[in-house]
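Per-entry structural report
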Amino acid sequence: PLRGFGEVEMDSGASLLLLEDLSWMHNLNSAGGSGVEAELVIKEVAKLHAAWWGDERLDQLPWLAMKGMLTPEEAPLVFSQNWESFLGKLSIPVTEKLLWAGDLCTRYLRAVSVSMYTEPRTLIHNDVKADNLLVTGDGEPSLAFVDWQLTTVARPVVDLADFIVAYLDVPERRRHEDRLLKIYHAVLAARGVDDYSIEECRDDYRMA
């Protein structure tokens, strides 16, 4: 499902990996996205997840394992070491609500992070944001993902939450998120994923 790659067999019998020219596409607008654009992305994310849902090959590729400060082992430590510095650099007021959110992260970040790597698992892009999404300018909408360096194996909702929360402002998110989750779940079901209920999807999304 990684769009943009092609393989050509040479006369010598060797294979040459080619990159598709995507210069005719443009980055998704990152300033106040719309529900229509978000629907296109959600459908493509669901196709990716369905293609690799529970695939045993994912555990045979050691380079897919997440490493560094995003792992459940290191993320809580990195957070605790940098939270005070982060607050000191903010350009907005440090409110009680923000401090409360920091306390929640301190208490639950490790447990939540661990839960995101449990079943059901699939291949996730892990950086689904507007800068990493290319779309067509006109005609039939088409979308391509770029920048796969953080791809890993995890619960699928990580991609959904990362994209929806970052792409839609709060009023738009509240208006569209349940509809987007239903669309996502419907695409999974249409592609053979029958062991993941919409209720579980909603719970996982809230956690992510």
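For the structure itself, look to the data block above.
Thresholds applied
- Residues numbered from 1 in each chain as written.
- Predicted model: local features only at pLDDT ≥ 70, side-chain atom pairs only at ≥ 80, totals over all residues.
- Heavy atoms only, no water.
- Helix = DSSP H or I, 4+ residues; strand = E, 2+ residues; numbered from the N terminus.
- Buried < 20%, exposed > 50% of the residue type's maximum accessible area, 1.4 Å probe, protein only.
- Areas by Shrake-Rupley, 256 points an atom, 1.4 Å probe, with all protein chains shown as cover.
- Arc of directions from axis to C-beta.
- Contact = heavy atoms within 4.5 Å.
- Axes fitted to C-alpha atoms, helices over the stretch in contact; angles between N-to-C directions.
- Parallel < 35°, antiparallel > 145°, perpendicular 65-115°, else oblique.
- Left-handed = near helix turned anticlockwise from the far one by under 90°.
- Polar contact = N/O pair within 3.5 Å; in protein donor to acceptor, adjacent residues only side chain to side chain.
- Pairing = 2+ DSSP bridges.
- Salt bridge = Lys/Arg side-chain N within 4 Å of Asp/Glu carboxyl O.
- Nonpolar A, V, L, I, M, F, W, Y, C, P; charged D, E, K, R; others polar.

With that settled, consider the overall build of the chain. Within the chain, the secondary structure is distributed over six helices and seven strands. What you see in the chain, going N to C, is helices and strands ordered as β-β-β-α-α-α-β-β-β-β-α-α-α. Here the chain holds 208 residues, and the buried ones make up 40% of them. Summing over all exposed atoms, the chain offers an accessible surface of approximately 12,500 Å²; the carbon and sulfur share of this is 55%.

Along helix α6 (residues 198-207), the positions that sit buried rather than exposed are Ile198, Cys201, Arg202, Asp204 and Tyr205. For α6, the angular spread of buried residues about the axis comes to 165°, placing them on one side. The inward-facing, buried residues of α6 contact α4 (157-167) and α5 (170-190).

At their nearest, the axes of helix α1 (residues 35-51) and α5 sit 9 Å apart, and the two run at 30° to each other. In terms of their interaxial angle, α1 and α5 are classed as roughly parallel. Crossing hand, α1 versus α5: right-handed. Every residue of α5 that contacts α1 at Gly35, Ala38, Glu39, Ile42, Lys43, Val45, Ala46, Lys47, His49 and Ala50 is listed here: Glu172, His176, Arg179, Leu180, Ile183, Tyr184, Val187 and Leu188.

Turning our eyes to something else, we now look at the side chain of Thr152. With respect to the helices and strands, the residue Thr152 is situated in strand β7 (residues 152-154). Since its relative accessible area comes to 1%, Thr152 is described here as buried. Within the structure, Thr152 has its side chain in polar contact with the backbone oxygen of Leu64 (distance 2.6 Å). Apart from the residues lying within four places of it in its own chain, the contact partners of Thr152 are Leu64, Ala65, Met66, Tyr117, Thr122, Leu123, Ile124 and Asn126.

Another aspect to go through is the environment of Tyr117. Mapped onto the secondary structure, Tyr117 falls in the loop between α3 (96-115) and β4 (122-124). Looking at Tyr117, the relative accessible area reads 26%, which means it is partly exposed. Considering only alpha carbons, one finds Tyr117 and Arg155, 38 residues apart in sequence, at a separation of 5.9 Å. Setting aside its immediate chain neighbours within four residues, Tyr117 contacts Met66, Leu70, Pro72, Thr152, Val153 and Ala154.

If you trace the three strands from one edge of the open sheet to the other, you get β3-β5-β6, paired in antiparallel fashion. If you trace the sheet from one side to the other, it starts and ends with β3 (26-27) and β6 (143-145), each paired once. When β3 meets strand β5 (residues 133-135), the two strands line up antiparallel, connected through two bridges. Looking across to β5, one finds that His26 is bridged to Val135. Sheet strands touched by α1: β5 and β6. Its angle to β6, the strand with the most contacts, is close to 55°.

Before going further, it helps to spend a moment on the pattern of salt bridges. Scanning the model with the defined rule gives 13 salt bridges in all. One salt bridge in this structure joins Arg179 and Glu39, with 2.7 Å as the shortest N-O distance. Of this pair, Arg179 sits in helix α5 while Glu39 is found in helix α1, placing the two residues 140 residues apart along the sequence. For Glu200, the salt bridge is made with Arg155, and the minimal N-O distance between the two is 3.9 Å. Remark: Arg155 occurs in the loop between β7 and α4 and Glu200 occurs in helix α6; sequence separation between them is 45 residues. Since its relative accessible area comes to 10%, Arg155 is described here as buried. Among the charged side chains, a salt-bridge network with shared partners connects Glu39, Lys43 and Arg179.

Between two packed helices, the angle of one axis relative to the other and the distance separating the axes together describe the packing. The contact between α5 and α6 brings their axes to 10 Å, and the two run at 135°. With respect to each other, α5 and α6 are oriented oblique. The handedness of the crossing between α5 and α6 is right-handed. Across from Arg173, Glu177, Asp178, Leu181, Lys182, Tyr184 and His185 in α5, the residues of α6 making contact are Ile198, Cys201, Arg202 and Tyr205. Here the residues of the contact of α5 with α6 sort into five nonpolar, one polar and five charged.

By themselves, these are just geometric observations and shouldn't be taken as functional.
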